[in-house]
Amino acid sequence: MVRQAVRDVRTALPPLPADPPVDPTVAALRAVVDDLAASTHAIGELMLEVAPAYLSDIEAVDVLALLCDQISELLEHGLVARRYAMSGDRRALHGTVL
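Residues numbered from 1 in each chain as written. Predicted model: local features only at pLDDT ≥ 70, side-chain atom pairs only at ≥ 80, totals over all residues. Heavy atoms only, no water.

S.K.: How do you make sense of the overall build of the chain when you look at a structure like this?
M.R.: Helix and strand content of the chain: 4 helices and 0 strands. Secondary structure of the chain in N-to-C order comes out as α-α-α-α. Contacts in the chain between residues at least 24 apart in sequence constitute 55% of all its contacts with a sequence separation of at least 6. For the chain, the accessible area works out to roughly 6800 Å², and carbon and sulfur atoms hold 62% of it. (Helix = DSSP H or I, 4+ residues; strand = E, 2+ residues; numbered from the N terminus. Contact = heavy atoms within 4.5 Å. Areas by Shrake-Rupley, 256 points an atom, 1.4 Å probe, with all protein chains shown as cover.)

S.K.: What is the right way to read helix α4 (residues 75–87) from this model?
M.R.: Spacing of three or four residues puts side chains on the same side of an α-helix, whose turn is 3.6 residues. In this model, α4 (13 residues) spans 18 Å end to end at C-alpha, consistent with the 18 Å of a helix rising 1.5 Å per residue. Here α4 has its buried residues at G78, L79, V80, A81, R82, Y84 and A85. Backbone geometry just after α4 places G88 at a positive phi near 75°. (Expected span 1.5 Å × (residues − 1). Buried < 20%, exposed > 50% of the residue type's maximum accessible area, 1.4 Å probe, protein only.)

S.K.: Help me understand helix α3 (residues 57–70), please; the structure alone is not making it clear to me.
M.R.: With 14 residues, α3 extends 19 Å between its outermost C-alpha atoms, agreeing within 8% with the 20 Å of an ideal straight helix rising 1.5 Å per residue. At V63, α3 is bent by approximately 45°, the largest bend along its length. A60, L64, L67 and C68 are the residues of α3 that are buried. Directly beyond the C-terminal end of α3, a positive phi value near 55° is found at S72. (Bend = angle between axes of the 7 residues up to and from the residue.)

S.K.: I'm lost on the packing of helix α2 (residues 24–50) against α3 in this one. Help?
M.R.: To characterise two packed helices, one gives the angle between the axes of the helices and the distance between these axes. Across the interface, α2 lies against α3 with an axial gap of 10 Å and an inter-helix angle of 135°. Relative to α3, the element α2 lies oblique. The handedness of the crossing between α2 and α3 is right-handed. Two secondary-structure elements touch here, α2 through L46, M47 and V50 and α3 through V63, L64, L67 and C68. (Axes fitted to C-alpha atoms, helices over the stretch in contact; angles between N-to-C directions. Parallel < 35°, antiparallel > 145°, perpendicular 65-115°, else oblique. Left-handed = near helix turned anticlockwise from the far one by under 90°.)

S.K.: I tried to follow the nonpolar core on my own but got confused; where do I start?
M.R.: A general tendency of soluble globular proteins is for nonpolar side chains to be buried together. By size, the foremost hydrophobic cluster in this structure holds 8 residues: M47, A51, L55, A60, L64, L67, C68 and L79. For this core, the element with the most residues is α3, which contributes 4 residues. What L67 contacts, discounting residues up to four positions off in sequence, is L46, M47 and V50. (Core = buried A, V, L, I, M, F, W, Y, C linked by side-chain atoms within 4.5 Å.)

S.K.: Help me understand the packing of α2 against α4, please; the structure alone is not making it clear to me.
M.R.: Interhelical geometry of α2 versus α4 gives an angle of 95° and a closest axis separation of 7 Å. For the element pair α2 / α4, the angle class is roughly perpendicular. Contacts between α2 and α4 involve A37, T40, H41, I43, G44, E45, M47 and L48 on the former and, on the latter, G78, A81, R82, Y84, A85 and M86. For the contact of α2 with α4, the residue count by class is 8 nonpolar, 4 polar and 2 charged. (Nonpolar A, V, L, I, M, F, W, Y, C, P; charged D, E, K, R; others polar.)

S.K.: Before we go on, may I ask you to explain a nonpolar patch on the surface in this structure?
M.R.: There is a patch of nonpolar side chains on the surface, built from L46, V50, V63 and I71 and spanning about 260 Å² of accessible area. Summarising the element assignment, I71 is placed in the loop between α3 and α4. (Patch = residues over 30% accessible without salt bridge, like charges linked within 9 Å, V, L, I, M, F, W, Y side chains within 5 Å. Salt bridge = Lys/Arg side-chain N within 4 Å of Asp/Glu carboxyl O.)

Here it is in structure tokens:
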């Protein structure tokens, strides 16, 4: 039950901006970024199934290298997705995925 509550909190959608963008280009870009973040979160959950959160990044590298190779994902991106799935914080994606 606690596991589901934590998952619900982490997967909750971020609050909508106070004023939605008027410019359709900005709105479309925001939707693309949201889709990318959602797909990265899903990949992160997969990474957590293979390398649970109690493993450090160093310990997870050995386990995730094969999975990342099989799904044609960079190992660095796999680790970032794993961190994002653990924290739910999009700042984990800056500089690598986003």
